[in-house]
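Commentary on secondary and tertiary structure
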Amino acid sequence: ECMEVKHGRAAMLGFLHIILIQAGARFPGYLSPTAGLKFADVPSGCFASLEALPTAGWLQIMLTTCMMETGYFIFEYQGYGALDKEPGDIGGEGWIRYDDASTKTFKLNVERQNGRAAMLGVTGCLVHELLGVNALYPTGG
């Protein structure tokens, strides 16, 4: 349950990334100053953007992800095995929590379903790109 919530959240962020990149949204400035690579120079395709990123950048991303997964950045461990936390409960005191069990169950199911849809959406975009068509508009529309 916990892994599905986490992967669903990552997939939702990934799908939002695909939409924004296809729309032309880019950060200003340099992605890699030493390589002279600007954010605007990165192509919009999923695989093309992966190939454009320097190896050192990928190593930094993987190191940061591993540190986040192991709880390195968290002073009080809140990940897997935390005794007072529910799966997916990563917010602070201002985070909305539901006291009603049926409302909480409904909200968690909605989040899981949205995560599953996002996982399929990302997979569909990758397959369309491999087929040589636009990830979001495969019919040319």
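Figured I'd write up the structure that's included with this text. (Residues numbered from 1 in each chain as written. Predicted model: local features only at pLDDT ≥ 70, side-chain atom pairs only at ≥ 80, totals over all residues. Heavy atoms only, no water.)

The subject of this paragraph is the overall build of the protein chain. A tally of regular secondary structure across the protein chain gives four helices and two strands. Starting at the N terminus, the α and β elements of the protein chain follow one another as α-β-β-α-α-α. With 141 residues in all, the protein chain has 17% of them scored as buried. Looking at the protein chain alone, contacts between residues at least 24 apart form 51% of all its contacts between residues at least 6 apart. Accessible area for the protein chain stands at about 10,300 Å²; split by element, carbon and sulfur atoms hold 65% of it. (Helix = DSSP H or I, 4+ residues; strand = E, 2+ residues; numbered from the N terminus. Buried < 20%, exposed > 50% of the residue type's maximum accessible area, 1.4 Å probe, protein only. Contact = heavy atoms within 4.5 Å. Areas by Shrake-Rupley, 256 points an atom, 1.4 Å probe, with all protein chains shown as cover.)

So, on to a nonpolar patch on the surface. Together, Leu-50, Trp-58, Ile-61 and Met-62 make up an exposed nonpolar region whose accessible area comes to about 340 Å². The greatest single-element share of the nonpolar patch, amounting to three residues, is contributed by helix H3 (residues 55-69). (Patch = residues over 30% accessible without salt bridge, like charges linked within 9 Å, V, L, I, M, F, W, Y side chains within 5 Å. Salt bridge = Lys/Arg side-chain N within 4 Å of Asp/Glu carboxyl O.)

Let us look at the pattern of salt bridges. With the rule as written, the count across this model stands at two salt bridges. Its salt-bridge partner being Glu-4, residue Arg-116 comes within 2.4 Å of it at the nearest N-O pair. Of the two residues, Arg-116 is situated in helix H4 (residues 101-130) and Glu-4 in helix H1 (residues 2-22); the sequence distance between them amounts to 112 residues. When its relative accessible area of 36% is taken as the criterion, Arg-116 is described as partly exposed. The exposure class assigned to Glu-4 is partly exposed, which follows from its relative accessible area of 26%. For Arg-9, the salt bridge goes to Glu-111, with nearest N and O atoms at 2.5 Å. One end of the pair, Arg-9, is in helix H1; the other, Glu-111, is in helix H4, and 102 residues separate them in sequence.

Following both chains from N to C, one finds H1 and H4 inclined at 50°, their axes separated by 7 Å at the closest point. Taken together, the axes of H1 and H4 lie oblique to each other. H4 is crossed by H1, and the crossing has left-handed handedness. Between H1 and H4, the contacting residues are Glu-4, Val-5, His-7, Gly-8, Arg-9, Ala-11, Met-12, Gly-14, Phe-15 and Ile-18 on the first element and Glu-111, Arg-112, Asn-114, Gly-115, Arg-116, Ala-118, Met-119, Gly-121, Val-122 and Cys-125 on the second. Taken together, the residues that form the contact of H1 with H4 break down as nine nonpolar, six polar and five charged. (Axes fitted to C-alpha atoms, helices over the stretch in contact; angles between N-to-C directions. Parallel < 35°, antiparallel > 145°, perpendicular 65-115°, else oblique. Left-handed = near helix turned anticlockwise from the far one by under 90°. Nonpolar A, V, L, I, M, F, W, Y, C, P; charged D, E, K, R; others polar.)

The next thing to look at is H1. Look at H1: 30 Å from first C-alpha to last across 21 residues, which is about the 30 Å you get at 1.5 Å a residue. For H1, every residue scored as buried is listed here: Val-5, Gly-8, Ala-11, Ile-18 and Ile-21. Residues of H1 that are buried make contact with helix H2 (46-52) and H4. (Expected span 1.5 Å × (residues − 1).)

A few words now on the state of the cysteines. On inspection of all chains with the given rule, the structure shows zero disulfides. Among the cysteines around Cys-125, which has no disulfide bond, Cys-46 carries the closest sulfur, lying 5.9 Å off. (Disulfide = S-S within 2.5 Å.)

Another aspect to go through is the environment of Thr-105. Along the polypeptide, Thr-105 turns up in helix H4. For Thr-105, a relative accessible area of 45% puts it in the partly exposed group. Separated by 2.8 Å, the side chain of Thr-105 and the backbone oxygen of Ala-101 make a polar contact. (Polar contact = N/O pair within 3.5 Å; in protein donor to acceptor, adjacent residues only side chain to side chain.)

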